[in-house]
Amino acid sequence: MAEPTITAEAGAGPVALRTSPLEHLADRMREAAVTGDRGVTLAEWPFITMVNLRADPESEAADRIGNALGAPLPRACGHTSASGPHTVAWLGPDEWLVLSQADGTAVAAELRQALGEDPGSVVDVSANRTTLELGGPAARQVLEKGCPLDLHPRSFGPGQAVSTTVGPVAVLLWQVDEAPTYRLLPRSSFADHLARWLIDAMNEYRGPAVP
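Parameters and conventions
- Residues numbered from 1 in each chain as written.
- Predicted model: local features only at pLDDT ≥ 70, side-chain atom pairs only at ≥ 80, totals over all residues.
- Heavy atoms only, no water.
- Helix = DSSP H or I, 4+ residues; strand = E, 2+ residues; numbered from the N terminus.
- Buried < 20%, exposed > 50% of the residue type's maximum accessible area, 1.4 Å probe, protein only.
- Lys, Arg positive; Asp, Glu negative; His and termini not counted.
- Salt bridge = Lys/Arg side-chain N within 4 Å of Asp/Glu carboxyl O.
- Polar contact = N/O pair within 3.5 Å; in protein donor to acceptor, adjacent residues only side chain to side chain.
- Contact = heavy atoms within 4.5 Å.
- Disulfide = S-S within 2.5 Å.
- pLDDT = per-residue confidence, 0-100.
- Arc of directions from axis to C-beta.
- Core = buried A, V, L, I, M, F, W, Y, C linked by side-chain atoms within 4.5 Å.
- Pairing = 2+ DSSP bridges.

Colleague: Just to check I follow, could you spell out the side chain of Glu44 for this structure?
Modeller: Tracing the backbone shows Glu44 in strand 1 (residues 41-44). Buried within the structure, Glu44 lacks any salt-bridge partner; its nearest side chain of opposite charge belongs to Arg30, at an N-O separation of 9.3 Å. A polar contact is formed between the side chain of Glu44 and the backbone nitrogen of Leu22, at a distance of 3.5 Å. If sequence neighbours within four positions are ignored, Glu44 has contacts with Ser20, Pro21, Leu22, Glu23, Met29, Thr130, Thr131 and Leu132.

What follows is the structure, encoded as structure tokens:
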């Protein structure tokens, strides 16, 4: 997925007035960064387009949607597909979340056109979630403090995304690369709690490893 644009241009109307769910914690997240062999960083990537999509995966509509996105809809739990500005994450047998750097209104309109009259739905849910990026050598260990998944590379790796919990917060957890870098997508109303939980979980990596 392409790097997101996280600031609006001046004079862009209502878009320029948006406030991200974690803007008030931006300084604390930067200050929480740890460098070195046990390094870990945390940052918010706000305002990423997110479109919830439902369709019969065996239908012609699913094929049309895949063509519109430039990538087929994932067919199994944990799978993602990507093309250009779009990444598609599997949420259920007939449900996906489209993450995009393109304009949300335009993406939703294109997908509705591809769905046509077939059963299903296309809903722009961009305001429903925000995105936290956790990365660095200790990122997996930080998540393992409060995530029930087996995050070892033998079980979970780049390109996989699943619905789970981190601490007490439900998220879509997506591993982006082998660094490792993870993106966590919580509901906006729970983002503050999750960010503070992660900041606290990162703190121990400032000190030396316990033999």
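Colleague: Whenever I open this one, the state of the cysteines confuses me. Can you help?
Modeller: Cysteine pairs can be covalently joined through their sulfur atoms, and such a bond is termed a disulfide. Enumeration according to the criterion identifies 0 disulfides in this entry. Its sulfur unpaired, Cys77 is 13 Å from the next cysteine sulfur, which belongs to Cys147. A relative accessible area of 9% means that Cys147 is categorised as buried.

Colleague: Honestly, the confidence of the model for the protein chain in this entry has me stumped. Any pointers?
Modeller: Detailed reading of the predicted coordinates is not advisable wherever pLDDT falls low. Mean pLDDT for the protein chain: 92, with 91% of residues reaching 70 or above. Scored below 50 in pLDDT, residues 1-13 makes 21 contacts in the model with residues more than four places away or belonging to other chains.

Colleague: Could you clarify how one ought to interpret helix 2 (residues 60-69) in this entry?
Modeller: For an α-helix the count is 3.6 residues per turn, leaving residues at separations of three or four pointing the same way. Among the residues of helix 2, those classed as buried are Ala61, Ala62, Ile65, Gly66 and Leu69. Each buried residue of helix 2 lies within a common arc of 140 degrees when the element is viewed along its axis, so the set occupies one face. The exposed residues of helix 2 that point more than 90 degrees off its buried face are Glu60 and Asn67. In this structure, the buried residues of helix 2 make contact with strand 2 (49-55), strand 3 (80-83), strand 4 (86-92), strand 5 (95-100) and helix 3 (104-115). Trailing helix 2 by a residue or two, Gly70 shows a phi angle of about 85 degrees, which is positive.

Colleague: Before we go on, may I ask you to explain the pattern of salt bridges in this structure?
Modeller: A side chain of one charge can pair with a side chain of the opposite charge when the charged atoms of the two come close. Evaluation of the coordinates by the stated rule reveals 10 salt bridges. Its salt-bridge partner being Arg30, residue Asp27 comes within 2.1 Å of it at the nearest N-O pair. Pair noted here: Asp27 and Arg30 are both in helix 1 (residues 26-31), with a separation of 3 residues, about one helical turn. Its salt-bridge partner being Arg75, residue Glu58 comes within 3.2 Å of it at the nearest N-O pair. Here Glu58 is found in the loop between strand 2 and helix 2, whereas its partner Arg75 is found in the loop between helix 2 and strand 3, with 17 residues between them in sequence. Overall, Glu58 belongs to the exposed group, its relative accessible area being 63%. The structure contains a network of salt bridges with shared partners spanning Arg54, Asp94 and Glu95.

Colleague: Is there a simple way to explain the environment of Thr87 in this structure?
Modeller: Residue position: Thr87 is located in strand 4. As for Thr87 and Thr165, which are separated by 78 residues in sequence, their C-alpha atoms are 21 Å apart.

Colleague: Whenever I open this one, the nonpolar core confuses me. Can you help?
Modeller: As a rule of thumb, soluble globular proteins bury nonpolar side chains together. Among the nonpolar cores identified, the biggest contains 31 residues, and Leu132, Leu134, Leu143, Leu173, Leu184 and Leu198 are the most heavily contacted of them. Taken together, the elements giving at least two residues each to this core come down to strand 7 (132-135), helix 4 (139-144), strand 8 (161-166), strand 9 (169-177), strand 10 (181-186) and helix 5 (191-202). In terms of residues, this core owes the most to one element, helix 5, which gives 7 residues. Ignoring sequence-local partners within four residues, the contact set of Leu134 consists of Val40, Thr41, Leu42, Ala139, Val142, Leu143, Pro180, Thr181, Tyr182, Leu184, Leu198 and Met202.

Colleague: Got a minute to help me understand the pairing of strand 5 in this structure?
Modeller: Consecutive side chains along a regular strand alternate between the two faces of the sheet. When you tally the buried positions in strand 5, you get 5 out of 6 residues, the bulk of the element. Inspection of the sheet shows strand 2 paired to strand 5 by 6 bridges, in the antiparallel sense. In the sheet register, Arg54 faces strand 5, and the bridge partner there is Glu95. As judged from the 6 bridges shared by strand 4 and strand 5, these two strands associate in the antiparallel manner. Across the sheet, His86 pairs through a bridge with Ser100, a residue of strand 5. Counting the residues in the hairpin turn of strand 4 and strand 5 gives 2 residues.

Colleague: Quick question: what am I supposed to make of the environment of Gly157 here?
Modeller: Position of Gly157 among the secondary structure elements: in the loop between helix 4 and strand 8. Here the alpha-carbon distance between Gly157 and Val176, two residues 19 residues apart in the chain, equals 8.0 Å.

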